[in-house]
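Observations on chain architecture
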Amino acid sequence: MAIESMTGFAREAGTSGAHVFAWEVRSVNGRGLDVRVRAPTGFESFSEAARKQFSAAFARGTLHVSLAITSEAAAPRPRINQEALAALIAATSQVKLPSGIAPATLDGLLAIRGVVEVSEESGDALSELEKPVLAALAEAIAALKRARLAEGRALEAIIAGHLSTIARLTNEAENHPARSVEAVRTRLAAQVAALMETGKAFEPQRLHQEAALLAVKADIREEIDRLHAHVAALRELLAQGGPIGRKLDFLAQEFGREASTLCAKAGDPGLSRIGLELRTTVDQLREQVQNVE
């Protein structure tokens, strides 16, 4: 199963009788799935259908979905509700206005809800549009899926490249000359000598403990083993595919922790350089995996 990006765009349009309609959807990154739908007044039923179908098709991302419907038929004519207007005029004529307050004007009364009525789309129009609009919705979902998969293929190639770099750097750190027994012994001897130069009297047992502590602090075996394990786990996730974005993000954080610890424990310019390069690559990896569904 391939991976998907959370970014994409799709548009599907059509006509039915005197109506022209179009679905547009923009998908961007999101921690979970958030489907936001806008539909014209009178066609709200399409909003719920879109929300359900997009929620079934995708696992993550913020989806901005809009439906536009226009009609080539004659525009509906507004009608004044004479009874409501007369009642308002009668009611306002009985109000004693304070000084400085002007009486209600006609345009103000017409702005009150219910005084001017505009006929909305009839049930027949909604029924006529249901089948073609929902068919276009299905096409928009399929088009968005294709767009996100195409972006996902590009992301997978970038992530695999970063992963190869991390694997190479991990091997370099593991096989670096600074990790040889002789190199470690030399560094420990220098550090012990520095301790002795402080003028403090160290008992042999205490000196042995300090040397052992220095050796433990300088050992990056654990970090290298965990980096190898994380590389294998990430490769397995990429092969698995599907909505793996959260798992990839977690692994990227783990990579970052191990790279930082390796830098802190390096004790050698060559190992420090590898650690810094690891951290840079891990940051690039994490930036990319945050786009994965």
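As the structure is a computational prediction, the values presented were derived from the model and not from experiment.

Further remarks concern the packing of helix α8 (residues 245–265) against helix α9 (residues 269–289). As a packed pair, α8 and α9 sit with axes 9 Å apart at the nearest point and diverge in direction by 165°. The pairing of α8 with α9 is recorded here as roughly antiparallel in orientation. Regarding α8 and α9, the two cross each other, and that crossing is left-handed. When α8 is examined against α9, the residues G245, L248, D249, A252, Q253, F255, G256, A259, S260, L262 and C263 are found in contact with a partner set consisting of L271, S272, G275, L276, L278, R279, V282, L285, R286 and V289.

The next subject is helix α1 (residues 45–57). Helix length check: α1 (13 residues) gives 19 Å between terminal C-alpha atoms against 18 Å at 1.5 Å per residue, within 8%. Those residues of α1 that fall on the buried side of the exposure criterion are F46, S47, A50 and F54. Each buried residue of α1 sits inside an arc of 100° when the element is viewed along its axis, so together they form one side. Counted as exposed and oriented over 90 degrees from the buried face of α1: K52 and A56.

Attention now goes to the confidence of the model for the chain. Residues at a pLDDT of 70 or more form 82% of the chain, whose mean pLDDT is 86. Here helix α6 (residues 204–218) is the element of the chain with the lowest mean pLDDT, 56, and strand β3 (residues 33–38) is the one with the highest, 97.

The next point concerns the packing of aromatic side chains. This model, assessed by the stated rule, comprises two aromatic pairs. Measuring from ring centre to ring centre gives 6.1 Å for F43 and F46, while their planes differ by 10°; the resulting arrangement is stacked. Note on F54 and F58: the rings are 6.2 Å apart at their centroids and 20° apart in plane angle, and the pair reads as stacked. Taken as a pair, F54 and F58 share a single burial class, namely buried.

This part takes up the pattern of salt bridges. Enumeration over the complete set of coordinates arrives at 19 salt bridges. With its nearest N and O atoms 3.6 Å apart, the salt bridge here joins R168 to E277. Separated by 109 residues along the polypeptide, R168 in helix α4 (residues 123–174) and E277 in helix α9 bring together distant segments of the chain. Relative accessible area serves as the criterion here: at 38%, R168 is assigned to the partly exposed category. A salt bridge links E223 to K265; the nearest nitrogen and oxygen atoms lie 3.3 Å apart.

What follows is about the packing of helix α7 (residues 221–240) against α8. Between α7 and α8, the shortest axis-to-axis distance is 10 Å and the interhelical angle comes to 160°. Considered as vectors, α7 and α8 are oriented roughly antiparallel to each other. As for the relative orientation of α7 and α8, their crossing is left-handed in sense. Counted together, E223, R226, L227, H230, V231, A233, L234, L237 and Q240 of α7 and K247, L248, L251, E254, F255, E258, T261, L262 and K265 of α8 form the full contact between these two elements.

Another aspect to go through is the sheet that holds strand β2 (residues 19–28). Read across the open sheet, the four strands follow the order β1-β2-β4-β3; overall the sheet is mixed. At either end of the open sheet lies a strand with only one pairing partner, and these are β1 (8–16) and β3. Strand-to-strand twist in this sheet, taken as the mean axis angle between neighbours without regard to direction, amounts to 10°. As defined by bridge partners, β1 adjoins β2 across nine bridges and the pair is classed as antiparallel. Residue pairing for β2: A13 is matched across the bridge by A22. Of the strands in this sheet, β2, β3 and β4 (61–71) are in contact with α1, which crosses β3 at around 155°.

Rules used throughout
- Residues numbered from 1 in each chain as written.
- Predicted model: local features only at pLDDT ≥ 70, side-chain atom pairs only at ≥ 80, totals over all residues.
- Heavy atoms only, no water.
- Axes fitted to C-alpha atoms, helices over the stretch in contact; angles between N-to-C directions.
- Helix = DSSP H or I, 4+ residues; strand = E, 2+ residues; numbered from the N terminus.
- Parallel < 35°, antiparallel > 145°, perpendicular 65-115°, else oblique.
- Left-handed = near helix turned anticlockwise from the far one by under 90°.
- Contact = heavy atoms within 4.5 Å.
- Expected span 1.5 Å × (residues − 1).
- Buried < 20%, exposed > 50% of the residue type's maximum accessible area, 1.4 Å probe, protein only.
- Arc of directions from axis to C-beta.
- pLDDT = per-residue confidence, 0-100.
- Phe/Tyr/Trp six-rings, centres within 6.5 Å; stacked < 30°, edge-to-face > 60°.
- Salt bridge = Lys/Arg side-chain N within 4 Å of Asp/Glu carboxyl O.
- Pairing = 2+ DSSP bridges.

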